[in-house]
Amino acid sequence: MASPTIESLCCLSTKNAFSKDFLADFQSLPYNLVSIIASILGITGAVYQVLPRTAGTGTMNGSRKFLKTRGRLIIRWLALADLMASLGILIRSVTWLADDSFGSDSDDSSLGQCVCIITSAMIHYFYTATYCWTFLYALDVKLVMQDKRINQRIYHLVSWTVPVVLCLIGLLVLYLPDLNCHSSSVNPYIRFLPNYLSSFIPIVVVMIGNPILYCLAFSRVEKQIMSARGRFTQSERRVVNGLLKKFFLINAVFYLCWLPNIINGIVLWSTWQDIPRSLILVIWYLMAILNPLQAVFNCIVYRSWDSDSTISKPRTVTWQFWRKRPSQELEDTISNIEDEQVENESSQEESDTGNVAMQLSGERAPLLQSPSRASHALKKYSK
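Model, not experiment: these values are computed from the prediction.

1. Details of the overall build of the protein chain
Phase 1 of the analysis: From N to C terminus, the protein chain includes 15 helices and two strands.
Phase 2 of the analysis: By the burial criterion, 49% of the 383 residues in the protein chain qualify as buried.
Phase 3 of the analysis: On the protein chain, roughly 18,600 Å² of surface is accessible, and the fraction owed to carbon and sulfur atoms is 65%.

2. Side note on the confidence of the model for the protein chain
Phase 1 of the analysis: Overall, the predicted model of the protein chain reaches an average pLDDT of 75, with 64% of residues at or above 70.
Phase 2 of the analysis: Contacts from residues 59–67, a stretch scored under 50 in pLDDT, to residues over four places away or in other chains number 24 contacts.
Phase 3 of the analysis: With pLDDT under 50 throughout, residues 348–383 is counted as low confidence; its partners more than four residues away or in other chains account for 103 contacts.

3. Remarks on the side chain of Ser39
Phase 1 of the analysis: One can find Ser39 in helix α3 (residues 29–50).
Phase 2 of the analysis: In contact with Ser39, other than residues within four places in its own chain, are Ser86, Ile89, Leu90 and Pro292.

4. What about a nonpolar patch on the surface?
Phase 1 of the analysis: Together, Val164, Leu168, Leu172 and Leu176 make up an exposed nonpolar region whose accessible area comes to about 340 Å².
Phase 2 of the analysis: Take Leu168: it is sitting in helix α6 (residues 152–175).
Phase 3 of the analysis: Judged by relative accessible area, which is 47%, Leu168 ranks as partly exposed.

5. Some remarks on α6
Phase 1 of the analysis: The terminal C-alpha atoms of α6 lie 34 Å apart, and with 24 residues this matches the ideal 34 Å at 1.5 Å per residue to within 8%.
Phase 2 of the analysis: Buried residues of α6: Gln152, Tyr155, Ser159, Trp160, Pro163, Cys167, Gly170, Leu171, Leu174 and Tyr175, and no others.
Phase 3 of the analysis: For α6, the side-chain oxygen to backbone nitrogen distance between the N-cap and Arg153 is 2.8 Å, and the N-cap itself is Asn151.

6. Description of the packing of helix α10 (residues 234–270) against helix α11 (residues 277–290)
Phase 1 of the analysis: It is at 9 Å that the axes of α10 and α11 come closest, and there the two elements cross at 150 degrees. As the angle between them shows, α10 and α11 are arranged roughly antiparallel. Relative to α11, the crossing made by α10 is left-handed. Along its contact with α10, which presents Leu256, Cys257, Pro260, Asn261, Ile263, Asn264, Val267 and Leu268, the element α11 presents Leu279, Ile280, Ile283, Trp284, Leu286, Met287 and Leu290.

7. What about the environment of Ser3?
Phase 1 of the analysis: Mapped onto the elements of the fold, Ser3 is located in the segment before α1 (4–9).
Phase 2 of the analysis: What makes Ser3 buried here is its relative accessible area of 3%.
Phase 3 of the analysis: Ser3 has contacts with Asn264 and Met287, leaving out every residue within four places of it along the chain.
Phase 4 of the analysis: At 3.1 Å, the side chain of Ser3 forms a polar contact with the backbone nitrogen of Thr5.

8. Examining the nonpolar core
Phase 1 of the analysis: Core analysis: the biggest nonpolar cluster contains 68 residues, and Tyr127, Tyr137, Ile203, Phe218, Phe247 and Trp258 have the highest contact counts within it.
Phase 2 of the analysis: Elements represented by at least two residues in this core include exactly α4 (62–98), α5 (111–145), α6, α8 (193–218), α10 and α11.
Phase 3 of the analysis: The leading source of residues in this core is α5, at 16 residues.
Phase 4 of the analysis: In terms of nonpolar packing, the next biggest core, distinct from the first, is built from six residues, Ile36, Ala46, Leu90 and Ala295 among them.

9. Thoughts on the packing of aromatic side chains
Phase 1 of the analysis: Taken as a whole, this structure holds 13 aromatic pairs when the rule is applied.
Phase 2 of the analysis: With a centroid separation of 5.0 Å and an interplanar angle of 85 degrees, the aromatic rings of Tyr137 and Tyr302 are classed as edge-to-face. Linking Tyr137 in helix α5 with Tyr302 in the loop between α12 (294–301) and β2 (310–311), this pair joins segments that are 165 residues apart in sequence.
Phase 3 of the analysis: Ring geometry for Tyr189 and Trp269: centres 5.4 Å apart, planes at 45 degrees, overall tilted. In this pair, Tyr189 is assigned in helix α7 (residues 188–191) and Trp269 in helix α10, connecting sequence segments 80 residues apart.
Phase 4 of the analysis: In this structure an aromatic cluster arises from ring pairing among Tyr127, Tyr131, Phe254 and Trp258.

10. Concerning the packing of α5 against α8
Phase 1 of the analysis: As a packed pair, α5 and α8 sit with axes 9 Å apart at the nearest point and diverge in direction by 15 degrees. As judged from the angle between their axes, α5 and α8 are roughly parallel. Helix-helix and strand crossings are classified by hand; for α5 and α8 the assignment is left-handed.
Phase 2 of the analysis: Within the contact of α5 with α8, the residues separate by chemical class into 16 nonpolar, eight polar and one charged.

11. Here we look at the state of the cysteines
Phase 1 of the analysis: Inspection of every chain in the model, using the stated rule, returns one disulfide.
Phase 2 of the analysis: At a sulfur-sulfur separation of 1.9 Å, the disulfide partner of Cys10 is Cys116. Measuring the twist about the S-S bond at about -70 degrees, one finds the Cys10-Cys116 disulfide to be left-handed. With Cys10 in the loop between α1 and α2 (17–26) and Cys116 in helix α5, this pair connects stretches of sequence that are 106 residues apart.

12. Things to note about empty space enclosed by the protein
Phase 1 of the analysis: For the coordinates displayed, the defined rule picks out six cavities of 30 Å³ or more.
Phase 2 of the analysis: As a volume, the second largest cavity reaches approximately 80 Å³.
Phase 3 of the analysis: Along the walls of the second largest cavity sit Ala2, Ser3, Pro4, Glu7, His124, Tyr127, Thr128, Tyr131, Ser199, Phe200, Ile203 and Asn261, which together make up its complete lining.
Phase 4 of the analysis: Every element with two or more residues in the lining of the second largest cavity is listed here: α1, α5 and α8.
Phase 5 of the analysis: Here the lining of the second largest cavity gets four residues from one element, more than from any other, and that element is α5.
Phase 6 of the analysis: Partitioned by chemical class, the residues of the lining of the second largest cavity number six nonpolar, five polar and one charged.

Calculation rules
- Position numbers for residues start from 1 in each chain and track the written sequence from start to end.
- Two thresholds apply to this predicted model, a pLDDT of at least 70 for residue-level local features and 80 or more for giving and counting side-chain atom pairs, whereas whole-chain, interface and lining totals are computed over all residues.
- Values reported for side chains reflect all heavy atoms of the structure, with hydrogen atoms and water molecules removed beforehand.
- Numbering of helices and strands runs from the N terminus, with a helix taken as a DSSP run of H or I at least four residues long and a strand as a DSSP run of E at least two residues long.
- Relative accessibility decides the category of a residue: with a 1.4 Å probe and only protein chains considered, values under 20% of the type maximum give buried, values over 50% give exposed, and everything between is partly exposed.
- Residue-level accessible areas treat just the shown protein chains as cover; the underlying method is Shrake-Rupley with a 1.4 Å probe.
- A residue's pLDDT is simply how confident the predictor is in it, with values from 0 to 100.
- Two residues form a contact once any of their heavy atoms are found within 4.5 Å.
- Residues with no salt bridge and a relative accessible area higher than 30% make up the patches, which join like charges within 9 Å and nonpolar side chains (Val, Leu, Ile, Met, Phe, Trp, Tyr) within 5 Å.
- Here, a salt bridge means any Lys or Arg side-chain nitrogen found within 4 Å of an Asp or Glu carboxyl oxygen.
- Each residue after the first adds 1.5 Å to the expected span of a helix.
- Pairing of N or O atoms within 3.5 Å defines a polar contact, subject to two protein rules: one partner must be a possible hydrogen donor and the other a possible acceptor, and residues neighboring in sequence count only if both atoms are side-chain atoms.
- Axis definition: a line fitted to C-alpha atoms, limited for helices to the stretch in contact. Angles are taken between N-to-C directions and run from 0 to 180 degrees.
- Throughout this description, any angle smaller than 35 degrees is read as roughly parallel, any larger than 145 degrees as roughly antiparallel, any in the 65 to 115 degree range as roughly perpendicular, and the remainder as oblique.
- A crossing counts as left-handed when the near helix is turned anticlockwise from the far one by less than a right angle, and as right-handed when that turn is clockwise.
- To form a nonpolar core, buried Ala, Val, Leu, Ile, Met, Phe, Trp, Tyr and Cys residues must be joined to one another through side-chain atoms within 4.5 Å.
- Classification of ring pairs rests on two measures: the distance between centres of Phe, Tyr or Trp rings, Trp counted by its six-membered ring, which must be within 6.5 Å, and the angle between planes, read as stacked under 30 degrees, edge-to-face over 60 and tilted in between.
- Residue polarity follows a fixed list, in which Ala, Val, Leu, Ile, Met, Phe, Trp, Tyr, Cys and Pro are nonpolar, Asp, Glu, Lys and Arg are charged, and the others, Gly among them, are polar.
- Cysteine sulfur pairs qualify as disulfides if the two atoms are within 2.5 Å.
- Definitions used throughout: a 1 Å grid over protein atoms alone; a cavity as a set of points that fits a 1.4 Å probe which cannot get out; a pocket as an open set with protein on both sides within 12 Å along at least five of seven lines; a lining residue as one with an atom within 4 Å of a point.
- Grid points are joined across faces, edges and corners, and a volume is the space filled by probe spheres set on the points.

As structure tokens, this is what we get:
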């Protein structure tokens, strides 16, 4: 799981019974087995999203193709951050299962402590990056609705540098000037609170900001349709409702995966002198399961962005087994020519409803099919 609690246990003292008692729960066999299974599932889900894909054969004008590509890139970087965070959880859990001497008198300030700090910092950083990418996805939806664009470099600048700043602030205050952060002379509000805030503030920002961004994105949809087409039919209403349902599920997944972390922080800080141990253990197991599974749930709620694409065939050693016969290549060439002809013939028809189609339809942040394909898009959302 991703929790400042574990990060604080990396700088435990052998004379502090409180920290050693908590570490025993994290090092237990059941907890680490749960963490390993959840992290493997998270890695699998993230890899599935990161794999390169070949676009579908449906016709698509230049603007729609640009928007759809932009949406895929945002989700792919989100999946990459999920992948690295789940990998950090896997490494830490395997390490603790292989060597449970961390926290013993002979192991303090040694390799076990270093592994704990490095893996915890890795998890903290990459999960903070997932919060940033999740927020930027919602922001990008709003911008698409307004027919605006932002350079992808700005998204990368925000998503990779903000976590660096937050992690440095939280972890440097926690681990400096020494690793004895659980000493009785340490003020927890000075030593621990900055790290908790650096972990929880991004989560709260996404929980509050994303629903607002999605609501703003759809606040003018009906007016745009009415101004562009002079009507708002049941078909277009179904598309709008499908998109609202999709974005509701995106928010619900984020709340499901990270609300236990917020509850954990509230319980710990409100009951610092008398922590309810059984309740905390239940919350820890929920975090161990739900945090890595964010990547799996994202495969479900974001999946329609690639519903008309296929995973690219490998082009390494096994590429020769995937090569097409000359007759197949000829058929594909003819098919591509025919697709280009169809696209040219339909480009004039699409221009009348292009702006609204890009904002309402199916996939880009996922908004990219024409209203004439509304029922097809709705089926994808309801899967």
